[in-house]
Amino acid sequence: MRCGVVVFPGSNCDHDVYHVLKHVLDQEVRFLWHDEPRLHGSELVVLPGGWSYGDYLRGGALAALSPVMGAVREHAERGGLVLGICNGFQVLTEAKLLPGALRPNRGQRFECRDVYLRVERADTPFTREYAAGQVLRMPIAHGEGNYEHFPYELDRLERDRLVALRYVAPDGALADEWNVNGSARAIAGLANAGGNVFGLMPHPERCAEEVLGNSDGLALFAGAVRGAAQLAGAGR
Amino acid sequence: MKARVTVYPRKEILDPQGKAIQSALARVGFRSVREVRAGKSFELDLGVDDAQQAGDLLAAMCEKLLANTVVEDYEIELLAADAS
Amino acid sequence: MKARVTVYPRKEILDPQGKAIQSALARVGFRSVREVRAGKSFELDLGVDDAQQAGDLLAAMCEKLLANTVVEDYEIELLAADAS
Amino acid sequence: MSAPAEAVVDAKRAAEMGLSGEEYERLTGLLGRTPSLTELGITSALWSEHCSYKSSKVHLKNFPTSGAHVLQGPGENAGVVDVGHGWVAVFKMESHNHPSFIEPYQGAATGVGGILRDVFTMGARPIALLDSLRFGELDAPRMRSLIDGVVRGIGTYGNCVGIPTVGGETGFHRSYNGNILVNAFALGIARRERIFKARAAGVGNPILYAGSRTGRDGIHGATMASDSFDAESEKKRPTVQVGDPFTEKVLLEACLEAMRTGAIVAIQDMGAAGLTSSTFEMASRGGVGFRLDLDRVPLREPGLSAYEIMLSESQERMVIVAQRGKQEAVTRVFQRWGLEVATIGEVTAGGRAEIRRGGRIEAAMAIAPLTDQAPVYHRPAAPPADLARRQAPPEVPVPDDPGAALARLLATPELASKEWVWRQYDHTVRTSTVVGPGGDAAVLLLKGTPTGLALTSDVNPVYCGLDPRAGGRQAVAEAVRNLACVGAEPVGLTDCLNFGNPENPEIMWQLRECVLGMAEACRALAVPVVSGNVSLYNETEGRSILPTPTVAMVGVVPDLGDTPEAHFVRAGDRVILLGEDRDEHGGSAYLRWLHGIEQGRPPAVDLDAEGRLARLLRALTGQSLLHAAHDLSEGGLAVALAEATFGARVGARVAVPLGAAALFSESQARALIACSPAHADRVLEHAQRAGVPAREIGETGGDRLEIAFDGGRLEAEVAALHRTWSRALPEALGL
Ligand SMILES: Nc1ncnc2c1ncn2[C@@H]1O[C@H](COP(=O)(O)OP(=O)(O)O)[C@@H](O)[C@H]1O
Ligand SMILES: [Mg+2]
């Protein structure tokens, strides 16, 4: 099983994701340079957080047009696993690999804090190690995480069960004050119809080791690694 | 040729930034303001002289990069031809 | 009365956003572009009818809130009178 | 902008650039002729207070700068200390006060940019930032927007580069109404053998320029020249630098990668006084000369003069001396990261600088006289005439309702939660933050080891104003105490000495006394000073800021398994108060914020007691005996207890043999700890052996804070106090 972590010049969570895959989950990982349209055989591709190209225009806007994203798109279309975290989620929406858009936070400020997430779908490779309805604690750190789409599109997302994670109160109930960036329908994470492309604003890699006081995010990577291994085993 | 592109959140989409600015304006005394929409503005020196070509170029740039058409609308204005 | 305010970084000041957009445009094929300046645009419904008053109001808003005049220049346009 | 190049150079012009008559004469004497405008500009920058430390140098000598862990003391871009396992920590703090007052967002942002470059220039990867902020009264003109701008500026820059801001300070006092303070600290880590220095060497080696292009921004920022050539040219020349954090991030990666090519001899960022200070300082350290061809410097707009290019403070730029014949390897790295790089000159023999523009020699001067032999002043120092009145013991009103007094104190911006600030900073990126903002000291995991690095920044300007010697001592002692609360042993400190006008003997006295106080504490507590920065002339319209010698200290936690929290974590723990209360109120938050009194001698600092307390706290954490440890500082026991209940909303019930006012006394060398009942006796025994007064004052639990004191009882609901404390700052800011 090979994992690839995409490196845009302004990625700054690339090493953090690498660390979890390599040192916590003991996987083979390599960095994938933004300027090369190649995934070097990666079966799980992670688009990490950061400011891919400075992102002064919109988070992920320029990155969506980068050479590596052509290869990521092909990989996704073949059913390969793609995970976008924070800026990576923004890149996936800008690249139209996931629907909707991530706009500036409701409060117009960067927010770095812990949030609570309810697992809405436990049947994607990324959430398979969780139980539906389970509440996770995860850090966020973003200025543009306010998920938006047209109302009828939001209805469709719900109908198609694309919403994978929602911001909730610690007890798992929906609550506006816990929807810290103002996302429509409290959407924190989305999957595509096939479940193989997954994006979320919170940072699972920042809560994947007990030494940091929280390991709720580890199972997301573990699930993705297992899912990718199975796909590879199935001789895709 | 110079041009200006203006990008605004689409009408159906919430504009929290505009709202925030409106209430900030009210706070410092500009209470008459009924609505604020906040967008982005780009001034470009296109490096082409033909208006038709410039328009096409701008539309392509907006679709591809300057606006996220899922949630944003854009407007294009050609400015007076470049003096240089 | 409606109005538009456009705010740009002052000419001599570094405009990292414009620079980044220009190089991004070049990267995706728009190589003719010579310069991009990136600014903000606000559309306001002022809630006053008099053009003179509107102009004064806008200037005050820009100085006070909409623009940071240490590093930014602003431009005011009054738009056609409000239909409502 | 051709005017400057043809401008007449004389003593008057020199004065406009900040050189005194004597200094100008010294320069003409050195050159044996009238300097060119470029030479004058270069000299005034190098002899500015900012670059030459001419007023503070004689006092800075008092700091202890060496120690078992110190690999590099003051003199390089940042200090270096050994933190074990083959790793070194590289750190420094710097002020960006003046620019932040003019343009808070960009001023604070570029402050962060500059301090990060000082650290990665040494070959270290930055892993943490702290920001120490002082603002004026919230109702002072522009203050709310200054606060908002500074916090946004720091956040935007650090967040984008991807370095967590894990702590800092935010204080308020009217003396900062016209002159806020923004002190930024950065810490990086490197393998011990991989440290780079800014020491030019090797005649014939090329000098490279990398990063952003040079523009007309911030020309002469370092000299703080009040007047410039004329009003017209001043208008054209923006004094505000704009930061580009994305370029910084790329520059950081490119520099660290380029250093691995083995082709870099020396490297330095262009900070204050830009190309001038970087080239002259590198050459001076290496005892070599250099030749620059300014026509090769990448420019943002054509037509900049030699003067402007040498003095521009455009951000995100580096100067590199590469090994001749190997510069291609370096160039390739920068190009791969999309950065401009140009060869702009070479190292020469003979210790002279020769600078050309448009084929003309614009400057030709010997380097050492401008750097090592810059003027040094022994400025007169004298205590203020009304010192005795200021230090007269204050009348201390006894609160009739201590509970209400506590709530009011917790609602002041000074003591309110700073979460509004630090929530705008990414403090979890890099996945090393074990303890983030909100506790006593931040703790970062040194990945691959069991070790943690602890960071804190401290100073109490009110104490320093009342008694600078005691205030200087207190700043160092409090930092040591904050580190001890997380079990960390200090390995070094950096400082930012923010003062008013040094030509005023009272200010010089403050500076001297603060430094002496800090130095005493550093010696007593064995903490070397490894880097620092001096910021003078912090005054507006003749009113100067309180003396503010900010201390940022770094410590090592040998084993992270044992770190206690700064708050109570469970019910049923024993609460123990360490240290001695002496009912000291001079300069206290209680007197200042609730009674408008700023008078008296600040609490005495017993350095031996501080040392004993810190050793005890480290011993207790090392043996995993503590669940919580929190030192007492502003607001005294009552505030410390309240804070300890907030973290996990665990209440406490305690009894102390103190009067109502003494609950707010700020006696030093004290801390609150909590441990399980089973460990209480061992903890008390340890304390006794360590010579630290200790008494069990109660236990944790419930949802209330109850303090029984002599003659009464303070009772409050933890949730209500917490609400007051956590909402106060955004509410006061009108958000
Ligand atoms: N400007 C700031 N940036 C980041 N953290 C801050 C800032 N101001 C205060 N904090 C954090 O808030 C907490 C309380 O600060 P402070 O009252 O100065 O602590 P102490 O009294 O222990 O020195 C600390 O954890 C500190 O790091
Ligand atoms: Mg403390």
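Our subject in this report is the structure included herewith. Along every chain, residues carry numbers that run from 1 in the direction the sequence is written. For this description, chains carry letters from A and ligands carry numbers from 1, given in the order in which they are written. Given that this is a predicted model, residues contribute local features only at a pLDDT of at least 70 and side-chain atom pairs are listed and counted only at 80 or more, while totals for whole chains, interfaces and linings are drawn from all residues. With hydrogens and water set aside, each side-chain value is computed from the structure's full complement of heavy atoms.

Notes on the overall build of chain B
And step 1. Secondary structure elements follow DSSP: runs of H or I no shorter than four residues count as helices, runs of E no shorter than two count as strands, and numbering proceeds from the N terminus. Across its full length, chain B carries two helices and three strands.
And step 2. Ordered by position from N to C terminus, the α and β elements of chain B give β-α-β-α-β.
And step 3. For chain B, whose C-alpha radius of gyration is 16 Å, the value lies well above the compact-globule estimate of 12 Å for 84 residues.
And step 4. For chain B, the spread of C-alpha atoms along the principal axes amounts to about 45 × 30 × 15 Å.
And step 5. Note on classification: 1.4 Å probe, protein chains only; a residue is buried when its accessible area is under 20% of the maximum for its type, exposed when over 50%, partly exposed between these limits. Per-residue burial over chain B gives 49% buried out of 84 residues.
And step 6. Residues count as neighbours in contact if any of their non-hydrogen atoms are within 4.5 Å of one another. Contacts in chain B between residues at least 24 apart in sequence constitute 69% of all its contacts with a sequence separation of at least 6.
And step 7. Computed by Shrake-Rupley with a 1.4 Å probe, the accessible areas treat only the displayed protein chains as cover when residues are assessed. Element-wise, carbon and sulfur atoms account for 50% of the exposed surface of chain B, whose accessible area totals about 3,900 Å².
And step 8. For this count, His and the chain ends are skipped, Lys and Arg are scored as positive, and Asp and Glu as negative. Lysine's charge is taken at NZ, arginine's at CZ, aspartate's at CG and glutamate's at CD. Charge separation in chain B, taken as the distance between the mean sites of 11 positive and 14 negative side-chain charges, equals 13 Å. Put simply, the radius of gyration uses C-alpha atoms, and a globule should come to 2.2 Å times the residue count raised to 0.38.

Remarks on the interface of chain C and chain B
And step 1. Taken residue by residue, the interface counts 36 residues in chain C and 35 residues in chain B.
And step 2. As a working definition, buried area equals the accessible area (1.4 Å probe) given up by two parts on being put together, with both sides summed. A combined buried area of about 3,000 Å² lies between chain C and chain B, and 57% of that area is made up of carbon and sulfur atoms.
And step 3. Among the residues chain C hides against chain B, the three largest losses belong to Phe30, Arg34 and Glu43 of chain C. Together they make up 18% of the total.
And step 4. Where Glu75 of chain C meets Arg4 of chain B, a salt bridge forms, and the shortest distance between an N and an O atom there is 3.3 Å.
And step 5. Counting of polar contacts relies on pairs of N or O atoms within 3.5 Å, with two restrictions inside protein: one atom must be capable of donating a hydrogen and the other of accepting it, and residues adjacent in sequence are counted only when both atoms are side-chain atoms. If you look at where chain C meets chain B, you find 18 residue pairs in polar contact (both at pLDDT 80 or more).
And step 6. Elements with a contribution of two residues or more to the side of chain C that touches chain B: β1 (2–9), α1 (16–27), β2 (35–45), α2 (51–66) and β3 (72–78) of chain C.
And step 7. Broken down by element, the residue count for the side of chain C that touches chain B peaks at 11 residues, all from β2 of chain C.
And step 8. Nonpolar residues are Ala, Val, Leu, Ile, Met, Phe, Trp, Tyr, Cys and Pro. Charged residues are Asp, Glu, Lys and Arg, and all others, Gly as well, are polar. Of the residues contributing to the side of chain C that touches chain B, the split by class is 18 nonpolar, seven polar and 11 charged.
And step 9. A pair of strands is labelled paired if DSSP reports no fewer than 2 bridges between them. Here strand β2 (residues 35–45) of chain B pairs with β2 of chain C via 11 bridges, running antiparallel. What sits directly across from Glu43 of chain B, in β2 of chain C, is Arg37 of chain C. Salt bridges are identified by distance alone: a Lys or Arg side-chain nitrogen within 4 Å of an Asp or Glu carboxyl oxygen.

Quick word on the interface of chain D and chain A
And step 1. Taken together, the 30 residues of chain D in the interface contact 26 residues of chain A.
And step 2. Around 2,400 Å² of area is buried between chain D and chain A when both sides are counted, 57% of it from carbon and sulfur atoms.
And step 3. Summed over the three residues of chain D that lose the most area to chain A, namely Phe246, Arg423 and Thr431 of chain D, the buried surface amounts to 26% of that side.
And step 4. In this assembly, chain D and chain A are joined by three salt bridges.
And step 5. Linking Glu111 of chain A and Arg423 of chain D is a salt bridge whose minimum nitrogen-to-oxygen distance equals 3.0 Å.
And step 6. Counting the contacts that link chain D with chain A gives 13 residue pairs in polar contact (both at pLDDT 80 or more).
And step 7. Those elements that place two or more of their residues in the side of chain D that touches chain A are α9 (143–161), α11 (245–259) and β14 (433–435) of chain D.

Brief notes about the site of ligand 1
All names here are of chain D.
And step 1. By convention in these notes, a residue is near a molecule or strand provided one of its non-hydrogen atoms lies within 4 Å of it. Taken together, the neighbourhood of ligand 1 is formed by 19 residues, with Asp131, Thr170, Gly438, Gly439 and Asp458 sitting nearest.
And step 2. Contacts to ligand 1 include Asp458, whose side-chain N or O atom sits 2.8 Å from an oxygen atom.
And step 3. The side chain of Ser633 places a nitrogen or oxygen atom 3.1 Å from an oxygen atom of ligand 1.
And step 4. Among the elements of the structure, β4 (125–135), β5 (165–172), α17 (419–422) and α19 (468–485) are those that each provide at least two residues to the shell around ligand 1.

Some thoughts on α2 of chain C
And step 1. The end-to-end C-alpha separation of α2 of chain C is 19 Å, well short of the 22 Å expected for 16 residues at 1.5 Å each.
And step 2. Ala54, Leu57, Leu58, Met61, Cys62 and Leu66 of chain C are the residues of α2 of chain C that are buried. For α2 of chain C, the arc enclosing every buried residue in end-on projection is 135°, short of the 170-degree limit, so these residues lie on one face. Away from the buried face of α2 of chain C by more than 90 degrees, exposed residues Gln52 and Lys64 of chain C are located.
And step 3. Close packing links the buried residues of α2 of chain C with α1 (16–27) of chain B together with β1, β2 and β3 of chain C. Every helix has an expected span of 1.5 Å times one less than the residues it contains. Directions from the helix axis toward the C-beta atoms define the arc.

Some points on the relation of the copies chain C and chain B
And step 1. Least-squares fitting of chain C to chain B yields an RMSD of 0.2 Å, with the transformation described by 0.0 Å of translation along the axis and a rotation of 180°. Put plainly, the chains are arranged around a two-fold axis. Closest approach to the rotation axis within chain C is made by the C-alpha atom of Lys40 of chain C, at a distance of 2.2 Å.
And step 2. Take the interface residues of chain C: 97% of them recur as interface residues in chain B, which is what a same-surface contact looks like. All copies are superposed by least squares; the fitting set is the C-alpha atoms of residues with a pLDDT of at least 70 in both.

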